[in-house]
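# Analysis of the macromolecular model
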Amino acid sequence: MTRFETQVGIVGAGPAGLMLSHLLHLHGISSIVLEAKSRAYCEARVRAGVLEYTSVEMLRVAGLAERLEREGLRHHGIELGLNGVRTRISFLELTGKHVTVYGQQEVVKDLIARRLSDGGDLRFDCGDVSVHEFNGSMPKIRVRKDGNEDEICCDYIAGCDGFHGISRESLPSGALTFYERSYPFAWLGILAEAAPSRDELLYMHHERGFALYSMRSPSITRLYLQCGPDEDIMQWGDDRIWSELNIRLACEDGWHPTQGKILQKGVTCMRSFVAEPLQCGRLFLAGDAAHIVPPTGAKGMNLAFADVYYLAEALSRFYRESDANGLDSYSSICLQRIWKAQRFSLWMTSLLHRFEHDSAFDRKLQIAELEYVMTSRAVATALAENYVGLPLHGF
Ligand code: APR
Ligand code: PHB
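If you're wondering where the values come from, they're calculated on a predicted model, not measured in any experiment.

Scoring rules and cut-offs
Residues numbered from 1 in each chain as written. Chains lettered and ligands numbered in written order. Predicted model: local features only at pLDDT ≥ 70, side-chain atom pairs only at ≥ 80, totals over all residues. Heavy atoms only, no water. Buried < 20%, exposed > 50% of the residue type's maximum accessible area, 1.4 Å probe, protein only. Helix = DSSP H or I, 4+ residues; strand = E, 2+ residues; numbered from the N terminus. Pairing = 2+ DSSP bridges. Near = heavy atom within 4 Å. Polar contact = N/O pair within 3.5 Å; in protein donor to acceptor, adjacent residues only side chain to side chain. Areas by Shrake-Rupley, 256 points an atom, 1.4 Å probe, with all protein chains shown as cover. Nonpolar A, V, L, I, M, F, W, Y, C, P; charged D, E, K, R; others polar. Axes fitted to C-alpha atoms, helices over the stretch in contact; angles between N-to-C directions. Parallel < 35°, antiparallel > 145°, perpendicular 65-115°, else oblique. Left-handed = near helix turned anticlockwise from the far one by under 90°. Contact = heavy atoms within 4.5 Å. Salt bridge = Lys/Arg side-chain N within 4 Å of Asp/Glu carboxyl O.

## Considering helix α3 (residues 53–61)
- The complete set of buried residues in α3 reads T54, S55, V56, M58 and L59.
- Following α3 by one or two positions, G63 adopts a phi angle in the positive range, close to 75 degrees.

## Topic: the pairing of strand β13 (residues 156–159)
- Neither face of β13 is open: one carries Y156 and A158, the other I157 and G159, and all of them are buried.
- Note that strand β2 (residues 8–11) and β13 share four bridges and pair parallel. Bridge pairing in β13 places G9 opposite I157.
- By the bridge criterion, three bridges tie β13 to strand β20 (residues 283–285) in an arrangement that is parallel. Bridge pairing in β20 places I157 opposite L283.

## What to know about the sheet that holds strand β9 (residues 121–123)
- Spatial strand order, β9-β3-β2-β13-β20-β19: six strands in an open sheet with mixed pairing. Looking along the sheet, the strands with just one partner apiece sit at the ends: β9 and β19 (279–280).
- Examined bridge by bridge, strand β3 (residues 31–34) and β9 share three bridges and lie parallel to one another. Note on β9: the bridge partner recorded for I32 is D121.

## Some remarks on the site of ligand 1
- Lining the immediate environment of ligand 1, one finds 26 residues, of which E35, R45, R47, Q104 and D288 sit closest.
- At a separation of 3.0 Å, an oxygen atom of ligand 1 approaches a polar backbone atom of M301.
- Computed on the free molecule, ligand 1 has an accessible area of 710 Å², of which 88% lies beneath the protein chains in the complex.
- Secondary-structure elements contributing two or more residues to the shell around ligand 1 are α1 (15–26) and α8 (300–321).
- Sorting elements by how many residues they give to the shell around ligand 1 places α8 first, with three residues.
- The residue makeup of the shell around ligand 1, split by class, is 13 nonpolar, seven polar and six charged.

## Considerations on the side chain of S272
- Checked against the element boundaries, S272 lands in strand β18 (residues 261–276).
- The exposure class assigned to S272 is buried, which follows from its relative accessible area of 8%.
- In this structure the side chain of S272 is engaged in a polar contact, spanning 2.5 Å, whose partner is the side chain of Y183.

## Side note on the packing of helix α9 (residues 325–352) against helix α11 (residues 377–388)
- It is the contact of α9 with α11, at a shortest axis distance of 10 Å, that shows an interaxial angle of 125 degrees. Considering the angle they form, α9 stands oblique to α11. Crossing handedness for the pair α9 and α11: left-handed. Where α9 abuts α11, its residues R343, F344, W347 and M348 lie against V379, L383, N386 and Y387.
- Here the residues of the contact of α9 with α11 sort into six nonpolar, one polar and one charged.

## Some remarks on the pattern of salt bridges
- Using the criterion set out here, one finds 30 salt bridges in the structure.
- In this structure, the salt-bridge partner of E79 is R198, at a minimum N-O distance of 2.9 Å. Remark: R198 occurs in the loop between β14 (177–193) and β15 (202–205) and E79 occurs in strand β6 (residues 77–82); sequence separation between them is 119 residues. Both residues of the pair, E79 and R198, count as buried.
- For R123, the salt bridge goes to D121, with nearest N and O atoms at 2.8 Å.
- By relative accessible area, R123 is classed as buried at 18%.
- Looking at D121, the relative accessible area reads 28%, which means it is partly exposed.
- Among the charged side chains, a salt-bridge network with shared partners connects E66, R67, R70, E71, E106, K109 and D110.

Written as C-alpha coordinates, this is what we have:
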(Lines give C-alpha, C1' and ligand atoms only; values in the text may rest on other atoms or scores of the structure.)
(Ligands and ions follow the chains in the order given, each with its own letter.)
Protein backbone atom coordinates (compact mmCIF):
# COMPACT_ATOMS: atom_id res chain seq x y z
CA MET A 1 0.00 0.00 0.00
CA THR A 2 1.32 3.46 -0.91
CA ARG A 3 0.36 6.29 1.44
CA PHE A 4 -0.15 9.94 0.51
CA GLU A 5 -1.06 12.96 2.61
CA THR A 6 -3.05 16.04 1.73
CA GLN A 7 -5.27 18.52 3.54
CA VAL A 8 -8.46 17.82 1.57
CA GLY A 9 -9.17 14.59 -0.32
CA ILE A 10 -11.70 15.20 -3.10
CA VAL A 11 -13.71 12.39 -4.70
CA GLY A 12 -14.84 13.25 -8.25
CA ALA A 13 -13.50 15.53 -11.00
CA GLY A 14 -16.75 17.12 -12.18
CA PRO A 15 -17.35 20.87 -11.90
CA ALA A 16 -17.71 20.61 -8.09
CA GLY A 17 -14.52 18.65 -7.34
CA LEU A 18 -12.33 20.53 -9.81
CA MET A 19 -13.55 23.96 -8.78
CA LEU A 20 -13.10 23.09 -5.10
CA SER A 21 -9.55 21.93 -5.75
CA HIS A 22 -8.76 25.17 -7.60
CA LEU A 23 -10.35 27.45 -4.94
CA LEU A 24 -8.46 25.59 -2.20
CA HIS A 25 -5.24 26.04 -4.14
CA LEU A 26 -5.91 29.82 -4.25
CA HIS A 27 -6.30 29.69 -0.45
CA GLY A 28 -2.99 27.80 -0.12
CA ILE A 29 -4.71 24.52 0.84
CA SER A 30 -3.54 21.24 -0.70
CA SER A 31 -5.88 18.65 -2.19
CA ILE A 32 -5.85 15.44 -4.21
CA VAL A 33 -8.71 14.76 -6.66
CA LEU A 34 -9.64 11.12 -7.28
CA GLU A 35 -11.76 10.47 -10.36
CA ALA A 36 -13.17 7.10 -11.44
CA LYS A 37 -13.22 7.90 -15.18
CA SER A 38 -10.57 8.99 -17.66
CA ARG A 39 -9.69 12.62 -18.37
CA ALA A 40 -10.98 12.22 -21.94
CA TYR A 41 -14.32 10.91 -20.66
CA CYS A 42 -14.74 13.82 -18.21
CA GLU A 43 -13.89 16.35 -20.91
CA ALA A 44 -16.27 14.88 -23.48
CA ARG A 45 -19.37 14.36 -21.31
CA VAL A 46 -22.10 16.67 -22.64
CA ARG A 47 -24.13 18.13 -19.78
CA ALA A 48 -25.59 21.50 -18.79
CA GLY A 49 -24.68 24.78 -20.42
CA VAL A 50 -26.04 27.86 -18.64
CA LEU A 51 -23.91 29.79 -16.14
CA GLU A 52 -25.52 32.20 -13.73
CA TYR A 53 -24.10 35.65 -13.33
CA THR A 54 -22.44 34.74 -10.01
CA SER A 55 -20.92 31.52 -11.42
CA VAL A 56 -19.23 33.55 -14.15
CA GLU A 57 -18.04 36.06 -11.53
CA MET A 58 -16.65 33.21 -9.45
CA LEU A 59 -14.77 31.82 -12.47
CA ARG A 60 -13.51 35.30 -13.35
CA VAL A 61 -12.28 36.14 -9.83
CA ALA A 62 -10.62 32.71 -9.71
CA GLY A 63 -8.75 33.51 -12.94
CA LEU A 64 -10.61 30.88 -14.96
CA ALA A 65 -12.72 32.94 -17.33
CA GLU A 66 -10.29 33.77 -20.14
CA ARG A 67 -11.76 31.36 -22.74
CA LEU A 68 -15.26 31.73 -21.31
CA GLU A 69 -15.13 35.48 -21.86
CA ARG A 70 -14.00 34.90 -25.46
CA GLU A 71 -16.29 32.03 -26.41
CA GLY A 72 -19.21 32.12 -23.94
CA LEU A 73 -22.48 33.49 -25.32
CA ARG A 74 -24.02 36.26 -23.23
CA HIS A 75 -27.80 35.94 -23.08
CA HIS A 76 -29.85 38.87 -21.83
CA GLY A 77 -33.12 36.96 -21.77
CA ILE A 78 -35.01 33.82 -22.72
CA GLU A 79 -38.19 33.20 -24.65
CA LEU A 80 -41.18 31.28 -23.37
CA GLY A 81 -43.57 29.77 -25.90
CA LEU A 82 -47.10 28.48 -25.66
CA ASN A 83 -48.15 26.39 -28.66
CA GLY A 84 -46.10 28.47 -31.08
CA VAL A 85 -46.66 31.92 -29.57
CA ARG A 86 -43.52 33.40 -27.98
CA THR A 87 -42.90 35.98 -25.26
CA ARG A 88 -39.48 37.28 -24.33
CA ILE A 89 -38.40 37.58 -20.69
CA SER A 90 -35.73 40.27 -20.60
CA PHE A 91 -33.24 39.56 -17.80
CA LEU A 92 -31.47 42.80 -18.50
CA GLU A 93 -34.57 44.91 -18.15
CA LEU A 94 -36.00 43.03 -15.16
CA THR A 95 -32.82 42.35 -13.17
CA GLY A 96 -29.95 44.22 -14.88
CA LYS A 97 -28.15 40.88 -15.24
CA HIS A 98 -27.49 38.19 -17.85
CA VAL A 99 -26.49 34.53 -18.05
CA THR A 100 -23.70 32.95 -20.10
CA VAL A 101 -24.12 29.92 -22.32
CA TYR A 102 -20.90 27.84 -22.11
CA GLY A 103 -20.92 24.05 -22.03
CA GLN A 104 -20.18 22.25 -18.79
CA GLN A 105 -17.53 20.18 -20.55
CA GLU A 106 -15.78 23.39 -21.59
CA VAL A 107 -15.74 24.49 -17.93
CA VAL A 108 -14.36 21.07 -17.02
CA LYS A 109 -11.64 21.31 -19.72
CA ASP A 110 -10.61 24.77 -18.47
CA LEU A 111 -10.52 23.60 -14.84
CA ILE A 112 -8.48 20.47 -15.60
CA ALA A 113 -5.97 22.42 -17.71
CA ARG A 114 -5.57 25.03 -14.98
CA ARG A 115 -5.20 22.55 -12.12
CA LEU A 116 -2.54 20.66 -14.07
CA SER A 117 -0.63 23.80 -15.02
CA ASP A 118 -0.71 24.86 -11.34
CA GLY A 119 0.81 21.49 -10.41
CA GLY A 120 -2.48 20.12 -9.02
CA ASP A 121 -2.76 16.44 -8.12
CA LEU A 122 -5.60 15.06 -10.27
CA ARG A 123 -5.80 11.27 -10.48
CA PHE A 124 -8.01 9.90 -13.26
CA ASP A 125 -9.01 6.27 -13.97
CA CYS A 126 -9.10 5.53 -10.24
CA GLY A 127 -11.65 2.75 -10.55
CA ASP A 128 -12.54 1.61 -7.05
CA VAL A 129 -12.53 4.53 -4.57
CA SER A 130 -13.71 4.23 -0.94
CA VAL A 131 -13.90 6.65 2.01
CA HIS A 132 -13.05 5.72 5.62
CA GLU A 133 -12.82 7.03 9.20
CA PHE A 134 -14.43 10.39 8.50
CA ASN A 135 -15.94 10.34 11.98
CA GLY A 136 -12.40 10.36 13.43
CA SER A 137 -9.68 12.99 13.19
CA MET A 138 -7.87 11.57 10.16
CA PRO A 139 -10.13 10.41 7.37
CA LYS A 140 -8.77 8.22 4.60
CA ILE A 141 -9.59 7.60 0.97
CA ARG A 142 -8.51 4.31 -0.55
CA VAL A 143 -8.05 3.68 -4.24
CA ARG A 144 -7.79 0.10 -5.38
CA LYS A 145 -6.58 -0.47 -8.92
CA ASP A 146 -4.84 -3.34 -10.74
CA GLY A 147 -4.22 -5.21 -7.46
CA ASN A 148 -2.56 -2.17 -5.79
CA GLU A 149 -4.01 0.05 -3.08
CA ASP A 150 -3.24 3.72 -2.45
CA GLU A 151 -4.28 5.38 0.79
CA ILE A 152 -4.79 9.14 0.96
CA CYS A 153 -4.77 10.49 4.53
CA CYS A 154 -6.42 13.88 4.85
CA ASP A 155 -7.99 16.31 7.31
CA TYR A 156 -11.26 16.47 5.38
CA ILE A 157 -13.00 14.61 2.57
CA ALA A 158 -15.15 16.36 -0.04
CA GLY A 159 -17.64 14.02 -1.71
CA CYS A 160 -18.03 15.63 -5.14
CA ASP A 161 -18.76 12.40 -6.98
CA GLY A 162 -22.18 13.15 -8.40
CA PHE A 163 -25.52 11.47 -7.82
CA HIS A 164 -24.22 7.93 -8.46
CA GLY A 165 -20.99 8.34 -6.47
CA ILE A 166 -19.88 6.41 -3.38
CA SER A 167 -19.51 9.27 -0.87
CA ARG A 168 -23.17 9.73 0.04
CA GLU A 169 -23.71 5.95 -0.03
CA SER A 170 -20.84 5.46 2.44
CA LEU A 171 -22.45 7.45 5.24
CA PRO A 172 -24.01 5.41 8.06
CA SER A 173 -27.70 4.75 7.66
CA GLY A 174 -29.72 7.39 9.45
CA ALA A 175 -27.00 10.05 9.03
CA LEU A 176 -28.89 11.68 6.19
CA THR A 177 -32.50 12.41 5.39
CA PHE A 178 -33.47 12.18 1.72
CA TYR A 179 -36.12 14.36 0.12
CA GLU A 180 -37.11 13.27 -3.35
CA ARG A 181 -39.59 13.73 -6.17
CA SER A 182 -39.61 11.95 -9.50
CA TYR A 183 -41.30 13.00 -12.73
CA PRO A 184 -43.25 10.91 -15.22
CA PHE A 185 -41.02 12.03 -18.12
CA ALA A 186 -37.42 12.55 -19.24
CA TRP A 187 -35.58 14.73 -21.79
CA LEU A 188 -34.20 13.47 -25.05
CA GLY A 189 -31.31 15.80 -25.85
CA ILE A 190 -29.33 16.27 -29.04
CA LEU A 191 -26.28 18.25 -30.05
CA ALA A 192 -26.52 19.32 -33.70
CA GLU A 193 -24.08 20.77 -36.17
CA ALA A 194 -26.35 23.68 -37.05
CA ALA A 195 -25.81 27.39 -36.56
CA PRO A 196 -28.34 28.74 -34.03
CA SER A 197 -31.12 30.58 -35.82
CA ARG A 198 -32.32 32.35 -32.67
CA ASP A 199 -30.26 34.52 -30.33
CA GLU A 200 -31.75 33.17 -27.10
CA LEU A 201 -33.11 29.97 -25.57
CA LEU A 202 -36.71 29.09 -26.33
CA TYR A 203 -38.68 27.08 -23.76
CA MET A 204 -41.82 25.81 -25.51
CA HIS A 205 -44.91 24.41 -23.88
CA HIS A 206 -46.62 22.26 -26.52
CA GLU A 207 -49.61 19.95 -26.28
CA ARG A 208 -47.35 17.07 -27.49
CA GLY A 209 -44.84 17.86 -24.73
CA PHE A 210 -42.14 20.36 -23.82
CA ALA A 211 -39.30 21.29 -26.18
CA LEU A 212 -36.23 23.46 -25.59
CA TYR A 213 -34.11 25.25 -28.15
CA SER A 214 -30.64 25.94 -26.78
CA MET A 215 -27.14 26.30 -28.17
CA ARG A 216 -23.46 25.86 -27.38
CA SER A 217 -21.60 28.00 -29.90
CA PRO A 218 -22.15 29.95 -33.14
CA SER A 219 -22.15 26.61 -35.00
CA ILE A 220 -23.73 24.14 -32.54
CA THR A 221 -27.33 23.91 -31.31
CA ARG A 222 -28.56 21.89 -28.34
CA LEU A 223 -32.18 20.78 -28.40
CA TYR A 224 -34.39 18.80 -26.06
CA LEU A 225 -37.74 17.03 -26.27
CA GLN A 226 -39.86 15.83 -23.38
CA CYS A 227 -40.10 12.03 -23.73
CA GLY A 228 -41.14 8.99 -21.72
CA PRO A 229 -39.21 8.24 -18.49
CA ASP A 230 -37.79 4.99 -19.91
CA GLU A 231 -37.49 6.13 -23.49
CA ASP A 232 -35.45 3.83 -25.74
CA ILE A 233 -33.09 6.09 -27.67
CA MET A 234 -32.87 3.42 -30.41
CA GLN A 235 -36.48 4.23 -31.30
CA TRP A 236 -35.49 7.80 -32.11
CA GLY A 237 -33.86 7.97 -35.52
CA ASP A 238 -32.59 11.37 -36.65
CA ASP A 239 -35.61 12.00 -38.91
CA ARG A 240 -38.06 11.29 -36.12
CA ILE A 241 -36.20 13.65 -33.76
CA TRP A 242 -36.18 16.52 -36.27
CA SER A 243 -39.77 15.98 -37.22
CA GLU A 244 -40.89 16.11 -33.55
CA LEU A 245 -38.70 19.15 -32.85
CA ASN A 246 -40.18 20.90 -35.86
CA ILE A 247 -43.72 20.24 -34.71
CA ARG A 248 -43.16 21.33 -31.11
CA LEU A 249 -40.90 24.33 -31.73
CA ALA A 250 -42.65 25.73 -34.84
CA CYS A 251 -43.74 29.31 -34.20
CA GLU A 252 -46.69 31.21 -35.56
CA ASP A 253 -44.32 33.56 -37.44
CA GLY A 254 -43.03 30.59 -39.45
CA TRP A 255 -39.79 30.06 -37.49
CA HIS A 256 -38.60 26.51 -36.89
CA PRO A 257 -35.19 25.16 -35.89
CA THR A 258 -32.43 24.85 -38.48
CA GLN A 259 -31.44 21.23 -38.97
CA GLY A 260 -27.97 19.79 -39.07
CA LYS A 261 -26.02 16.62 -38.47
CA ILE A 262 -26.83 15.13 -35.05
CA LEU A 263 -23.49 14.80 -33.25
CA GLN A 264 -24.72 13.28 -30.02
CA LYS A 265 -28.01 12.13 -28.48
CA GLY A 266 -29.04 10.91 -25.06
CA VAL A 267 -31.84 10.69 -22.52
CA THR A 268 -31.63 12.67 -19.25
CA CYS A 269 -33.88 11.55 -16.42
CA MET A 270 -35.68 14.13 -14.31
CA ARG A 271 -35.47 14.12 -10.54
CA SER A 272 -35.60 16.49 -7.60
CA PHE A 273 -33.44 15.23 -4.73
CA VAL A 274 -31.82 16.65 -1.60
CA ALA A 275 -29.75 14.82 1.04
CA GLU A 276 -29.59 16.62 4.40
CA PRO A 277 -27.32 17.57 6.04
CA LEU A 278 -24.36 17.99 3.67
CA GLN A 279 -21.93 16.89 6.34
CA CYS A 280 -21.11 13.78 8.34
CA GLY A 281 -18.08 14.23 10.63
CA ARG A 282 -15.17 15.29 8.41
CA LEU A 283 -16.89 14.38 5.16
CA PHE A 284 -18.73 17.11 3.22
CA LEU A 285 -21.00 16.53 0.25
CA ALA A 286 -21.14 19.06 -2.59
CA GLY A 287 -22.85 19.31 -5.98
CA ASP A 288 -24.87 16.46 -7.48
CA ALA A 289 -23.68 14.12 -4.69
CA ALA A 290 -25.98 16.08 -2.37
CA HIS A 291 -28.75 17.33 -4.64
CA ILE A 292 -30.30 17.01 -8.09
CA VAL A 293 -32.64 19.44 -9.78
CA PRO A 294 -34.60 18.83 -12.98
CA PRO A 295 -32.74 20.68 -15.76
CA THR A 296 -35.58 23.06 -16.67
CA GLY A 297 -34.25 25.88 -14.47
CA ALA A 298 -30.60 25.33 -15.57
CA LYS A 299 -29.43 25.29 -11.96
CA GLY A 300 -27.32 22.08 -11.60
CA MET A 301 -23.80 23.32 -12.32
CA ASN A 302 -24.49 26.67 -10.63
CA LEU A 303 -25.57 25.01 -7.39
CA ALA A 304 -22.43 22.88 -7.47
CA PHE A 305 -20.30 26.03 -7.76
CA ALA A 306 -22.15 27.75 -4.90
CA ASP A 307 -21.58 24.72 -2.62
CA VAL A 308 -17.85 24.53 -3.24
CA TYR A 309 -17.44 28.28 -2.95
CA TYR A 310 -18.86 28.12 0.60
CA LEU A 311 -16.88 24.99 1.39
CA ALA A 312 -13.60 26.54 0.23
CA GLU A 313 -14.30 29.70 2.26
CA ALA A 314 -15.11 27.61 5.36
CA LEU A 315 -11.96 25.46 4.98
CA SER A 316 -9.86 28.55 4.48
CA ARG A 317 -11.27 30.08 7.66
CA PHE A 318 -10.48 26.87 9.50
CA TYR A 319 -6.86 26.67 8.33
CA ARG A 320 -6.21 30.43 8.64
CA GLU A 321 -7.87 31.14 11.96
CA SER A 322 -8.50 27.69 13.50
CA ASP A 323 -12.16 28.65 13.35
CA ALA A 324 -14.52 25.77 12.50
CA ASN A 325 -17.72 27.84 12.58
CA GLY A 326 -17.80 28.14 8.79
CA LEU A 327 -17.53 24.36 8.44
CA ASP A 328 -20.27 23.84 11.04
CA SER A 329 -22.65 26.11 9.14
CA TYR A 330 -21.66 24.91 5.62
CA SER A 331 -24.65 22.59 5.33
CA SER A 332 -27.31 25.02 6.56
CA ILE A 333 -25.99 27.90 4.43
CA CYS A 334 -25.94 25.77 1.28
CA LEU A 335 -29.35 24.27 1.96
CA GLN A 336 -31.03 27.67 1.91
CA ARG A 337 -29.88 28.20 -1.66
CA ILE A 338 -30.48 24.56 -2.64
CA TRP A 339 -34.13 24.64 -1.59
CA LYS A 340 -34.74 27.90 -3.43
CA ALA A 341 -33.24 26.34 -6.55
CA GLN A 342 -35.38 23.24 -5.98
CA ARG A 343 -38.48 25.41 -5.78
CA PHE A 344 -37.61 27.27 -8.96
CA SER A 345 -36.66 24.14 -10.93
CA LEU A 346 -39.87 22.37 -9.93
CA TRP A 347 -41.93 25.44 -10.80
CA MET A 348 -40.35 25.80 -14.27
CA THR A 349 -40.79 22.06 -14.85
CA SER A 350 -44.46 22.11 -13.80
CA LEU A 351 -45.16 25.16 -15.91
CA LEU A 352 -43.74 23.84 -19.16
CA HIS A 353 -44.23 20.06 -19.35
CA ARG A 354 -47.18 17.95 -20.33
CA PHE A 355 -48.30 15.86 -17.36
CA GLU A 356 -50.06 12.87 -18.90
CA HIS A 357 -52.30 12.22 -15.89
CA ASP A 358 -53.34 15.79 -15.22
CA SER A 359 -57.06 16.41 -15.21
CA ALA A 360 -58.60 18.85 -17.70
CA PHE A 361 -58.89 21.29 -14.78
CA ASP A 362 -55.16 20.99 -13.99
CA ARG A 363 -54.30 21.66 -17.63
CA LYS A 364 -56.42 24.80 -17.72
CA LEU A 365 -54.67 26.01 -14.55
CA GLN A 366 -51.24 25.28 -16.05
CA ILE A 367 -52.05 27.33 -19.17
CA ALA A 368 -53.43 30.16 -17.01
CA GLU A 369 -50.19 30.20 -15.03
CA LEU A 370 -48.02 30.23 -18.14
CA GLU A 371 -50.10 33.06 -19.62
CA TYR A 372 -49.70 34.91 -16.33
CA VAL A 373 -45.88 34.62 -16.52
CA MET A 374 -45.97 35.71 -20.17
CA THR A 375 -47.99 38.85 -19.43
CA SER A 376 -47.14 39.99 -15.90
CA ARG A 377 -43.98 41.97 -15.26
CA ALA A 378 -44.09 40.96 -11.58
CA VAL A 379 -44.13 37.21 -12.28
CA ALA A 380 -41.64 37.55 -15.14
CA THR A 381 -39.32 39.37 -12.71
CA ALA A 382 -39.57 36.48 -10.25
CA LEU A 383 -38.62 34.07 -13.05
CA ALA A 384 -35.76 36.31 -14.22
CA GLU A 385 -34.19 36.83 -10.79
CA ASN A 386 -34.14 33.10 -10.13
CA TYR A 387 -32.87 32.24 -13.61
CA VAL A 388 -29.92 34.68 -13.53
CA GLY A 389 -29.17 33.41 -10.01
CA LEU A 390 -30.04 34.57 -6.52
CA PRO A 391 -27.31 36.61 -4.82
CA LEU A 392 -24.36 34.63 -3.50
CA HIS A 393 -22.90 36.08 -0.33
CA GLY A 394 -19.47 37.51 -1.16
CA PHE A 395 -20.22 38.41 -4.80
N1 APR B 1 -15.07 7.54 -7.49
C2 APR B 1 -14.49 8.61 -8.10
N3 APR B 1 -15.16 9.45 -8.90
C4 APR B 1 -16.45 9.21 -9.10
C5 APR B 1 -17.12 8.12 -8.51
C6 APR B 1 -16.37 7.27 -7.67
N7 APR B 1 -16.93 6.21 -7.08
N8 APR B 1 -18.42 8.15 -8.86
C9 APR B 1 -18.56 9.20 -9.67
N10 APR B 1 -17.37 9.86 -9.83
C11 APR B 1 -17.09 11.04 -10.64
C12 APR B 1 -17.84 11.06 -11.94
O13 APR B 1 -17.20 10.28 -12.94
C14 APR B 1 -17.82 12.54 -12.28
O15 APR B 1 -16.70 12.89 -13.03
O16 APR B 1 -17.52 12.20 -9.98
C17 APR B 1 -17.77 13.22 -10.92
C18 APR B 1 -19.06 13.93 -10.56
O19 APR B 1 -19.29 14.95 -11.48
P20 APR B 1 -20.76 15.48 -11.85
O21 APR B 1 -21.68 14.34 -11.97
O22 APR B 1 -20.59 16.39 -13.01
O23 APR B 1 -21.22 16.28 -10.54
P24 APR B 1 -20.81 17.71 -9.97
O25 APR B 1 -19.35 17.94 -10.08
O26 APR B 1 -21.49 17.79 -8.67
O27 APR B 1 -21.45 18.74 -10.97
C28 APR B 1 -22.79 19.05 -11.03
O29 APR B 1 -23.20 18.10 -13.14
O30 APR B 1 -25.01 16.66 -13.49
C31 APR B 1 -24.50 17.91 -13.71
O32 APR B 1 -26.41 19.22 -13.78
C33 APR B 1 -25.33 18.84 -13.02
O34 APR B 1 -24.27 20.58 -14.01
C35 APR B 1 -24.38 19.92 -12.79
C36 APR B 1 -23.13 19.32 -12.44
C1 PHB C 1 -28.60 23.30 -22.24
O2 PHB C 1 -28.23 24.10 -23.11
O3 PHB C 1 -28.09 22.17 -22.14
C4 PHB C 1 -29.68 23.68 -21.31
C5 PHB C 1 -30.16 24.98 -21.33
C6 PHB C 1 -31.18 25.34 -20.47
C7 PHB C 1 -31.73 24.41 -19.63
C8 PHB C 1 -31.24 23.12 -19.59
C9 PHB C 1 -30.21 22.75 -20.44
O10 PHB C 1 -32.75 24.77 -18.82
